[in-house]
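Fold and geometry: a report
Next come the chains, spelled out residue by residue.
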Amino acid sequence: MSVFYKKRFAPLLLLACTGAYSCSSSEQAAEETPTSLKEAAEGDFYIGAALNYDQVYGREEEAVALIKEEFNTISPENMLKMGPIHPEQNVYNFEPADKYVAFGEENDMFTIGHTLVWHSQAPDWIFVDKEGNTVGRDTLLQRMEDHIATVAGRYKGKIDGWDVVNEALEDDGSLRQTKWLEIIGEEYLQKAFEFAKEADPEAELYYNDYSLWKPAKREAAVHLVKNLQEKGIQVDGVGMQGHYGIDYPSLEDIEASINAFADLGVKVMITELDVDLLPNPSNRQGADIAMTFEPQEGFNPYAEGLPDSVQQKLTRRYADLFELFHKHRDKISRVTFWGVADKHSWLNDWPMEGRRSYPLLFDRDYQPKPAYEAVMEAVSE
Ligand code: 9MR
């Protein structure tokens, strides 16, 4: 019996097994069959999704129902980033973030904060003075501290884990040349973690990045975390953003990184998971949002729907990924999808606008895809 079949019919069997009726062993087995992703992975890792504005405002009922049913951890896709929440020096836009955090609390979910320090979506004001000149090191450190104290402080005890620093590395393993690095120097990494610890001593603190399966980037992330640990800085986990393709990266590369980060004694998390199966306009891999392309003919091949053969490839890919995650369930604390249903995925517009993308487990009508079933099977083993 397929998992999806059992998911739909388990409640009926459960009903039939109560009262005067006794159950056969297959009926009993169906009773124990998990009926959601979170239930299937219970005891192994949390399973989550990133929420968008409509979802936290309750404007997308079908998605909200799925989130409550399937997931036990949530991430904010955009509302806690520095630009949206702190658009001007003395202006904070807390409302969407408050709603997000309240949703997590009401539904008893492991609630993630994303993200305190990132080069992208940092508001322009933060790096310049009133005359538009680049600020000095002390000023930027002060602003960073104020931001972290205000935002992480506001959600103290409510946000369970923070992506403290996001995407500080280039794919070749060098430190990304950002304003944070340019103005403060390498110490900005340490400071971000220190300020976060001060703002909420109980929250878990993470380093989060994409393409951490690449050997050079893996080594660099290990070095980065080790460096912080040697300075006595608390780092609780590494988030491996899972912006993967249908045929890259290899499972071996992902596995090597899971092992390398676990060897540091920190939690490993698969964050931002989605599988892109649309044609690749360049050789790009990863999630550098600055890398975009003008729409071109031939690059939106599944505008009318996904052929069965491609659906099957996606299903196989998800099965392979989750078999790997299941194998390493002693190291992995959380797997979070970057979105709920295909409809709203950022991959409909990146790296090329207006495409029809199919990267998640739920289709545009919020129905589970065959890949959902494959994931249920893989984590239920
Ligand atoms: O999914 C997010 C998209 O809606 C935003 O426009 C974009 C720019 O802020 O960020 C996307 O999320 C990114 C995440 O915050 C960090 N890793 C890469 C993700 C995909 O770009």
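Structural notes, computed from the coordinates. Keep in mind it's a predicted model, so treat the numbers as computed, not measured.

With that settled, the discussion passes to the pairing of strand β8 (residues 332-337). A large share of β8 lies buried, amounting to five of its six residues. Pairing geometry for strand β1 (residues 46-51) and β8, over four bridges, is parallel. Its bridge partner being in β8, Gly48 is matched across the sheet by Thr336. Of the strand pairs in this sheet, strand β7 (residues 267-276) and β8 are connected by four bridges, and their pairing is parallel. Among the inter-strand pairings, Ile270 is bridged to a residue of β8, identified as Val335. Handedness of the crossover is the feature at issue here: the chain leaves β7, passes through helix α13 (residues 308-327), returns alongside β8, and the resulting connection is right-handed.

Glancing now at the layout of surface pockets. Looking at the largest pocket, its volume works out to about 230 Å³. Lining the largest pocket are 15 residues, with Lys81, Trp118, Ile289, Trp338 and Trp346 sitting closest to its centre. Residue assignment for the lining of the largest pocket shows that the elements contributing at least two residues are β3 (110-118) and β6 (237-245). Of the residues in the lining of the largest pocket, the class split is five nonpolar, six polar and four charged. In this structure, the second largest pocket spans a volume of roughly 170 Å³. If you list the elements that add at least two residues to the lining of the second largest pocket, you get α10 (187-199) and α11 (215-230). With five residues, α11 is the single largest residue contributor to the lining of the second largest pocket. Tallied by class, residues from the lining of the second largest pocket come to six nonpolar, five polar and three charged.

Rules behind the numbers
- In this convention, every chain numbers its residues from 1, walking through the sequence in written order.
- The model is predicted, so local features are restricted to residues of pLDDT at least 70 and side-chain atom pairs to those at 80 or more, both for listing and for counting; the totals for chains, interfaces and linings are taken over all residues.
- Side-chain metrics rest on all non-hydrogen atoms present in the structure, leaving aside hydrogens and water.
- Summary of the burial criterion: residues with accessible area below 20% of their type's maximum are buried, those above 50% are exposed, and those between are partly exposed, where the area comes from a 1.4 Å probe applied to protein chains only.
- Per the convention used, a helix needs a DSSP run of H or I reaching at least four residues, while a strand needs a run of E reaching at least two, with both numbered from the N terminus.
- One bridge is not enough; two strands pair if DSSP finds at least two bridges between them.
- Orienting the strands away from the viewer, one traces the path from the first strand over the helix to the second; a clockwise path indicates a right-handed crossover.
- The rule is simple: put a 1 Å grid over the protein atoms alone, call a set of points where a 1.4 Å probe fits but cannot get out a cavity, call an open set with protein on both sides within 12 Å along at least five of seven lines a pocket, and count a residue as lining if it has an atom within 4 Å of a point.
- Grid points are joined across faces, edges and corners, and a volume is the space filled by probe spheres set on the points.
- Note on residue categories: nonpolar means Ala, Val, Leu, Ile, Met, Phe, Trp, Tyr, Cys or Pro, charged means Asp, Glu, Lys or Arg, and polar means any other residue, Gly included.

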